[in-house]
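Commentary on secondary and tertiary structure
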Amino acid sequence: MWLENMSTDMQERVSAQADKPAAHTASLIPNDKTTALLLSKKVTQLITKDDQEYTVAIRDRDIALASTEESMTVCGVARMVDSARGEPTAFNASSALDVSAEIEKAIADFDQKAISGPLPALQLPSRQHPETILLTGATGFLGSQILRQLLELSHVKRVVTLVRALDHGQATARPGSAFSIDAVVHNGATVHWGYDYQGLESANVTSTVSLLASLTRSPKPPRFTFISGGQVFLGDEENHSEVVAFARGMKTAGEYAQTKYVADQVVKEFARRYNTSITTIVKPGLIVGTKDLGVSNTDDFLWRVVASVIEIDSFNSTGLDGLILVSGSHRVATAILADTLRPRPHGNNVETTIRYGITVEELWNMLRDDFGYQLEAVDSTEWLARLRTQVELNGENHPLWPVFHLLEATGGRLGVPMPGHLRQGEHDGEVKASLRKSIAYLRGIGYLPSDNTADGSFVQKDLVFARGRTRP
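In short, a report on the structure.

Rules used in this analysis
- Note that residues are indexed from 1 along each chain, following the sequence as it is written.
- Reporting of local features is limited, given that this is a predicted model, to residues whose pLDDT is at least 70; pairs of side-chain atoms are given and counted only at 80 or more, and all residues count toward the totals for whole chains, interfaces and linings.
- Calculation of side-chain values draws on the structure's entire complement of heavy atoms; hydrogens and water are dropped beforehand.
- Pairing between strands is defined by DSSP: at least two bridges between the two strands are required.
- Going along the chain from the N terminus, every DSSP run of H or I of four or more residues is numbered as a helix, and every run of E of two or more is numbered as a strand.
- Think of it like this: strands point away, you trace from the first strand over the helix to the second, and a clockwise trace means the crossover is right-handed.
- Salt bridges are counted wherever a side-chain nitrogen of Lys or Arg sits within 4 Å of a carboxyl oxygen of Asp or Glu.
- Exposed residues in this analysis have more than 50% of their type's maximum accessible area, buried residues have under 20%, and partly exposed residues fall in between, with area computed by a 1.4 Å probe over protein chains only.
- Contacts are assigned to residue pairs that have any heavy atoms within 4.5 Å of one another.

Description of the pairing of strand E2 (residues 158-161)
- As judged from the four bridges shared by strand E1 (residues 132-136) and E2, these two strands associate in the parallel manner. Paired with threonine 132 across the two strands is arginine 158, which belongs to E2.
- Handedness of the crossover joining E1 and E2 through helix H6 (residues 141-151) is recorded here as right-handed.

Considering the pattern of salt bridges
- Applying the stated rule across the entire model yields 18 salt bridges.
- Close ionic contact of arginine 273 with aspartate 111 constitutes a salt bridge, the shortest N to O distance being 2.6 Å. Here arginine 273, found in helix H10 (residues 255-273), pairs with aspartate 111, found in helix H5 (residues 99-113); they are 162 residues apart in sequence, far enough to count as distant.
- One salt bridge in this structure joins lysine 291 and aspartate 292, with 3.9 Å as the shortest N-O distance.
- The class of lysine 291 is partly exposed, set by a relative accessible area of 36%.
- Each of Asp111, Glu269, Arg272 and Arg273 takes part in a single network of salt bridges with overlapping partners.

Brief notes about H6
- For H6, the set of buried residues is Phe141, Leu142, Gly143, Gln145, Ile146, Gln149 and Leu150.
- The secondary structure elements touched by the buried residues of H6 are E1, E2, strand E3 (183-186), strand E4 (223-227), strand E6 (286-288) and helix H12 (329-341).

Listed below in structure tokens is the structure:
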């Protein structure tokens, strides 16, 4: 059993949860999730001991099993157990999120926080070029690149960033700003593979609702650019059936993608009610390092898969013509600031999607031809079986530990079908240059094996960008 074989390190981190207040917002596990319910019972017995209050707080809830980036929820581990038994891992109707209900709830929250009564059409800010900009998520992987580019612009006089307070008293004691904000770049978000929708909702949805509501209380509302994420819609916004099909698929998407989709809809509703010219959404795909430095986020899904492919010397032969939407962080930051600093009429569509990328086959060829990795193509069933063996063998120390169920849900496909209108190859050279530099960086820090780190076991901590603990 997984619990019996749990490493001492993981046991300590799971047991540490008992020190938290006996109140959890994690969702209840559906009654048909028998493996998850059984696992929840065992975990509860392990960490609560004789604390009845804490037992009631976490029993039958989809709690995260540790407070780290690599942790998984009870249901996430249960999916892996079911997969190892050969049982189906597909989502069913009872476990799918009611996305429409979440959108309605978020809009209702906005209505409650915004000023009441009919609102006049919001006007464009008086300044043509924003001088004071509020940037959320400035310390993150993308946020730091946005901040760097903002500070290089001569007409930007001030960049305001958020600093987390130690407690509520410290936060409310801070003096108010004596200057007005000309533009908001809402880039802040929580990305945690082990959290369910409710665990991510506050940072990814509620924060967006609150910022939009604040715009309705301003006589001169700033421009607002929301940095989205998750799954990218590649269809025609005017094609109702394609839009509906995409929305239906969000019911069983990853939890982070779900929160971003719900927040997208709130921003679009705001733009519909008021003025689309001050509100925009920028939706990037995967983000890697710059073509100059290649510093990459070792927690990202793409690099977890790449590290695992190299480990088992093979890749999925299915879906090689699929498109991986990916850009260097410098390109994404440039696109974001173009929307923020030089807004243009969007008509009925306020969303800008960054649609650069390469095919899955091009990525594997790059690893073989440019870096010398010996990789073979195997069918999806065999490939997933090899990966599953490694995940089960290494447990929480494997890079796919928190995300393997997401890979299984797609049948091992990494890319998406290539739409005809994206075959123009725009920025193709830059995308490949960013990927090559990122791979070189990951080899240099030991995340990916090279001649000097044959087993990928050495990671130079002071050079690593990661949200949580880092492991190859």
